[in-house]
Amino acid sequence: DIQVTQSPSSLLASLGERVTITCQTSQSISNNLNWYQQKPGQAPMLLIYYATSLQTGMPSRFSGQYSGRSFTLTITSLEPEDIANYFCLQHYSAPWTFGGGTKLELK
Amino acid sequence: EVQLVESGGGLVQPGRSLKLSCAASGFTFSDYNMAWVRQAPTKGLEWVASISYGGSNTHYGDSVKGRFTISRDNAKSTLYLQMDSLRSEDTATYYCARGSSGDYWGQGVMVTVSS
């Protein structure tokens, strides 16, 4: 199985701050990685698909990049509604595997 | 609007069975592969099973193979997960997810396996 290492596991940030979360995969998956936002008691919501494409309806302050096996999710200017858990998913090969998640909190 | 709504969770004793459902709406269910994913308390996400859009192909994670069965009823736009021989380590929130890349997820249903 492809291993996905996500960092950091938790993050304190201030409103307006730039936030970056990273997922590293154990082998090349091309761009077959999604980013999700999850708030307590709610369904995970797709933010970024195929590493760099912004899901329709998601704010443009969210962006995704990748280089080789390293994938990043960036929030350019943190808003209060961005406080949530974030995780990545690789769907290049079965089984799906996930990053361990990042809990984003306000400083 | 795409919606996936899971149901059927609850408290069950070890060794017993439970069947989860995922009611889909807002899209043509029969056009999409579907999957179940779970998250145990304080643990990461784990893919459980997948099924092709027509239902003919299924795949399972090693931890549930031989105990869980994924199925679907395209006429009812509903996905199922039959869980047999449940163990304490199956305690988790179970999510259904759409497609081969998981673009939409349900809100999840809790399953607790305990005596």
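Before any of the text, the structure's been laid out above.
Here the residue index of a chain counts from 1 through its sequence in written order. Chain labels run from A onward and ligand labels from 1 onward, assigned in the order the entries are written. Predicted model: local features are reported for residues with pLDDT of at least 70 only, side-chain atom pairs are reported and counted for 80 or more only, and whole-chain, interface and lining totals are derived from all residues. As a rule here, side-chain values cover all heavy atoms of the structure and leave hydrogens and water aside.

1. Digging into the state of the cysteines
Joining two cysteines, a disulfide is a covalent bond between their sulfur atoms. Worth spelling out the cut-off: A pair of cysteine sulfur atoms is labelled a disulfide when the two atoms are within 2.5 Å. A helix here means a DSSP run of H or I that spans at least four residues, while a strand means a run of E at least two residues long, and both kinds are numbered starting from the N terminus. Accessible area is worked out with a 1.4 Å probe on protein chains only. A residue is then buried under 20% of its type maximum, exposed over 50%, and partly exposed in between.
Scanning all chains against the criterion turns up 2 disulfides over all chains. Paired through a disulfide, A:Cys23 and A:Cys88 show a sulfur-sulfur distance of 1.9 Å. Its torsion about the S-S bond being -95°, the disulfide of A:Cys23 and A:Cys88 is classed as left-handed. Placement of the pair is A:Cys23 in strand 3 (residues 19-25) and A:Cys88 in strand 9 (residues 85-90), with a sequence separation of 65 residues. Its relative accessible area of 0% is what places A:Cys23 among the buried residues. Across a sulfur-sulfur distance of 2.0 Å, B:Cys22 and B:Cys96 are joined as a disulfide pair. Sign of the S-S torsion, about 60° for the bond between B:Cys22 and B:Cys96, identifies this disulfide as right-handed. Of this pair, B:Cys22 sits in strand 3 (residues 18-25) while B:Cys96 is found in strand 9 (residues 92-98), placing the two residues 74 residues apart along the sequence. Taken as a pair, B:Cys22 and B:Cys96 share a single burial class, namely buried.

2. With respect to the pattern of salt bridges
Residues and elements named next belong to chain B. Spelled out, the test is: The working definition used for a salt bridge is a side-chain nitrogen of Lys or Arg within 4 Å of a carboxyl oxygen of Asp or Glu.
What the rule picks out here adds up to 8 salt bridges over all chains. We note a salt bridge from Asp-103 to Arg-98, for which the minimum N-O separation is 2.7 Å. The same class applies to Asp-103 and to Arg-98, which are both buried. In this structure, a network of salt bridges that share partners links the residues Arg-38, Glu-46, Arg-67 and Asp-90.

3. Some details on the sheet that holds strand 1 (residues 3-7) of chain B
All names here are of chain B. To keep it simple, the criterion reads: Only strands that DSSP links by at least two bridges are regarded as paired with each other. For helices, the fitted line uses only the C-alpha atoms of the stretch in contact; every axis is such a line through C-alpha atoms, and the angle between N-to-C directions lies from 0 to 180 degrees.
Taken in spatial order, the 4 strands of this open sheet run 1-3-8-7, and their pairing is antiparallel. Each edge of the sheet is formed by a strand with only one pairing partner; in this case those strands are strand 1 and strand 7 (68-73). The average undirected angle you get between the axes of adjacent strands in this sheet is 15°. In this structure, strand 1 lies alongside strand 3, joined through 5 bridges in antiparallel fashion. When the bridges of strand 3 are listed, Leu-4 appears paired with Ala-24.

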